[in-house]
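# Working through the structure, step by step
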Amino acid sequence: MLYFENVSKYYGKNETVALDRVSFQIAPKEFVSIVGHSGAGKTTLLKMLIAEDKPTEGAIFYESQDIHKISRAKLPSFRRKIGTIFQDFKLLANKTAFENVAFAMEANSRDDDEIAMSVPQALELVDLSDKMHHFPSELSGGEKQRVAIARALVNQPDIIIADEPTGNLDPIATYEVVQILKKINDLGTTVILTTHNKGVIDILEKRVITMDGGRIIRDDRHGKYLL
Ligand code: ADP
């Protein structure tokens, strides 16, 4: 269970209100999309969630632990529970698909046998077994994003956060990425997605939180994109 309790975030001296008393909860295995115009507070909300930045007021709990009270020593093990995917993929250009995914495991001190077993499985899940030795420059946008998904998944996180994952993709690649995120969710991982894409929301038919001016203005169980 993930729980935001009256979270506010102000930036700078002029006190830009990025989040304004935001409260909501996300159950394990939920699929939640967060939508809103640019500047609505979506990125700030995700940053609070991965403990990259602290709220000015309020608290965020993950399994009853206040995540901003986790000690520096224990922060890496909290962050391992969360896999992240970004609009611009953030793959290493000089590494193959296999090596990009393996790198995420090496960073978590996993041994060579585990890597040799888990990386092909993760790439199979995103339907890229045939391209595992390709470099990012030899992959399409959709394929790059699927490598990024495999990398986010390979350490078996509880939660996947996907920040505008289809923002740079054409409609077919967008559809494929959404189907893979759905499959991952069906296999038991919580997925939190931000998007501007009405089509994505309509394909998903899952919960939609709508933000505006740092506040949650709607929270729909089987949402439609209503902006
Ligand atoms: P979204 O992701 O929905 O586009 P953001 O969370 O990026 O929205 O931004 C919410 C508000 O907070 C905006 O007004 C933005 O300008 C402001 N903001 C975000 N990050 C910072 C920052 N590091 N410093 C100052 N203002 C910021």
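Below, the structure is looked at part by part. Bear in mind that the values here come from a model prediction, so they are computed numbers and not experimental data. (Residues numbered from 1 in each chain as written. Predicted model: local features only at pLDDT ≥ 70, side-chain atom pairs only at ≥ 80, totals over all residues. Heavy atoms only, no water.)

Spatially, four strands are ordered β2-β1-β4-β5 in an open sheet, and the strand pairing comes out antiparallel. A single partner strand is all that each edge strand has here, and the edge strands are β2 (16-26) and β5 (65-66). Across five bridges, the pairing between strand β1 (residues 2-11) and strand β4 (residues 57-62) is antiparallel. Paired with S8 across the two strands is E57, which belongs to β4. Contacts between helix α1 (residues 42-49) and the sheet are confined to β1, β2 and β4, with β1 contributing the most and set at about 120 degrees to the helix. (Pairing = 2+ DSSP bridges. Helix = DSSP H or I, 4+ residues; strand = E, 2+ residues; numbered from the N terminus. Contact = heavy atoms within 4.5 Å. Axes fitted to C-alpha atoms, helices over the stretch in contact; angles between N-to-C directions.)

Interaxial distance between helix α3 (residues 97-106) and helix α5 (residues 141-153) falls to 8 Å at its minimum, and their mutual angle equals 25 degrees. Comparing the axis directions of α3 and α5 gives the class roughly parallel. As α3 packs across α5, the resulting crossing turns out to be right-handed. Counting all contacts with α3, which are made through A97, N100, V101 and A104, the residues of α5 involved are V147, A150 and R151. Residue composition of the contact of α3 with α5, grouped by class: five nonpolar, one polar and one charged. (Parallel < 35°, antiparallel > 145°, perpendicular 65-115°, else oblique. Left-handed = near helix turned anticlockwise from the far one by under 90°. Nonpolar A, V, L, I, M, F, W, Y, C, P; charged D, E, K, R; others polar.)

Another point: the pairing of strand β7 (residues 159-163). Two faces, one strand: in a regular strand the side chains alternate between the faces of the sheet. Among the five residues in β7, five count as buried, and that is most of the element. Both faces of β7 are covered, namely the face carrying I159, I161 and D163 and the face carrying I160 and A162. Two strands pair when backbone bridges link them, and strand β6 (residues 82-86) and β7 are joined in this way by five bridges, in the parallel orientation. Among the inter-strand pairings, F86 is bridged to a residue of β7, identified as D163. Crossover connection from β7 via helix α6 (residues 171-186) to parallel strand β8 (residues 190-194): handedness right-handed. (Buried < 20%, exposed > 50% of the residue type's maximum accessible area, 1.4 Å probe, protein only. Right-handed = clockwise from strand over helix to strand, strands pointing away.)

Another aspect to go through is the environment of V208. The topology assignment puts V208 in strand β9 (residues 207-212). Separated by 15 residues in the primary sequence, V208 and G223 have C-alpha atoms spaced 5.0 Å apart. Aside from chain neighbours lying at most four places away, what touches V208 is S33, V35, I201, R218, D219, D220, G223 and K224.

In this structure, V101, L123, I149, I160 and L181 are the most contacted members of the largest nonpolar core, which totals 37 residues. Listed by contribution, the elements that provide at least two residues to this core are α3, α4 (112-125), α5, β7, α6, β8 and α7 (198-204). Ranked by size, the runner-up nonpolar core spans 28 residues in total, among them V7, I26, A40 and I159. (Core = buried A, V, L, I, M, F, W, Y, C linked by side-chain atoms within 4.5 Å.)

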